[in-house]
Each structure stands twice: as structure tokens, then as C-alpha cells.
Amino acid sequence: MPATTLTAADQFRQLAASPSKLRLFMLSRLPMAYMAGLRVGSISEERAEVTIPYKYLNKNPFNSIYFASLSMAAELSTGLLCMAQTYKSVPAVSMLVVHLEADFMKKAVGKITFTCEDGQKIKAVADQTKATGEGVTVVATSKGIDEAGDKVAEFRFTWSLKAKLRK
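Reading the values: the criteria
Residues numbered from 1 in each chain as written. Predicted model: local features only at pLDDT ≥ 70, side-chain atom pairs only at ≥ 80, totals over all residues. Heavy atoms only, no water. Salt bridge = Lys/Arg side-chain N within 4 Å of Asp/Glu carboxyl O. Helix = DSSP H or I, 4+ residues; strand = E, 2+ residues; numbered from the N terminus. Buried < 20%, exposed > 50% of the residue type's maximum accessible area, 1.4 Å probe, protein only. Pairing = 2+ DSSP bridges.

1. A short note on the pattern of salt bridges
Pairs can form between side chains of opposite charge whenever their charged atoms are close.
And step 1. The full count for this structure, using the stated rule, is 10 salt bridges.
And step 2. Arginine 13 is paired through a salt bridge with aspartate 10; the nearest N and O atoms lie 2.6 Å apart. Separated by 3 residues within a single helix, arginine 13 and aspartate 10 lie in helix α1 (residues 8-17), roughly one turn from each other.
And step 3. Relative accessible area serves as the criterion here: at 11%, arginine 13 is assigned to the buried category.
And step 4. The closest approach of N and O atoms between glutamate 154 and lysine 151, which form a salt bridge, is 2.9 Å.
And step 5. Classification of glutamate 154 as buried rests on a relative accessible area of 14%.
And step 6. Assessed through its relative accessible area of 32%, lysine 151 is described here as partly exposed.
And step 7. Linked through salt bridges whose partners overlap, the residues forming this network are Glu101, Asp103, Lys151, Glu154 and Arg156.

2. With respect to the pairing of strand β5 (residues 136-145)
And step 1. Burial along β5 is one-sided: Val136, Val138, Ala140, Ser142 and Gly144 are buried, while Thr137, Val139, Thr141, Lys143 and Ile145, pointing the other way, are not.
And step 2. Bridge analysis of strand β4 (residues 112-116) against β5 gives 4 bridges, and the strand direction is antiparallel. Paired with threonine 113 across the strands is isoleucine 145, a residue of β5.
And step 3. Where β5 meets strand β6 (residues 151-163), 10 bridges bridge the pair, whose relative direction is antiparallel. Paired with valine 136 across the two strands is leucine 161, which belongs to β6.
And step 4. Turn length for the β5-β6 hairpin, with the two strands adjacent in sequence and antiparallel, is 5 residues, and the turn residue glycine 149 shows positive phi of about 90 degrees.

Here's what the structure looks like:
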């Protein structure tokens, strides 16, 4: 029986789904995300879920989660899907947030789960830049839902992806 070979995106999703490996990555590369208590709830080809708890380090004077902490969790939910498409990519692909829009509907208290379901759209854009070498952008939406099932915020991140083709 032949062994299945994992794609680079699958390898990345396995790393991101491992709590211990993700914590080490955040501690070394995203220390604020580590301190805020961000956790990856799930990650697949189509969607990523990231949770953020209400705690002392990320609260504001109004006894809710600070908007910058919410933004960090929302960005990670979209960024994980981008990173899955750029991980060990040939050619290498750079990624950068170039724009952000947000709407806040309700006070964020308790555990908030941010979900981005734009994995297929991000994959198509990543494939496009790998094929052409041209910079492309994609808008990825992340919705934050509280423990009661109410939407507390919605973020739209515009990611720029550009393949580094050799000349």
C-alpha cells in the first residue's frame, strides 16, 4: 500500500493544528498573540477558526476585549489560510496585509471565535501569483462570534500576495 504524500499546505495545516507547535511558533514569531491566548480551533483547506478569551491582558477599560486583540485573532484566521498556500511554496510567495476594515456589533466578552471561510478564494489567488509572478490581492472576511452565538465583529483583510520569480 503506497504512502500518501502530504502537500505543503497539508503539512502547514498539521503544524497549525498542533497546539504545542503553534504555541512555540507564536512565542517566537507572534509573542503578542501568544500572550493574548489565541488558539487555533480548526483549520482546513476552506476555513480556519481562531479563538481569543476575555482575560486581563487583552481587556479594555469598558470590560470587554480590546479591539486590537480582536483584530489580531481575526487576522490570524485569515492569515493561516494564506500561510497554508505560501508554506514551502515554489516559487516563494510573500504576503502582507495592505488594508483592513472592521465592523463591531456587540461588546466582546467571554471566548470569541473568529472564522474565515475564504480558503478556496485565497488558494486561487495564490495559484495565480505563482503562475504569473504578478502581485495580486484578495479580501478575506473573518466573523467573530461569542459563546451565545451572536456576531460581535466582522473584519475584512486585504492581503497582497506576490510570487518571487527568478529572472
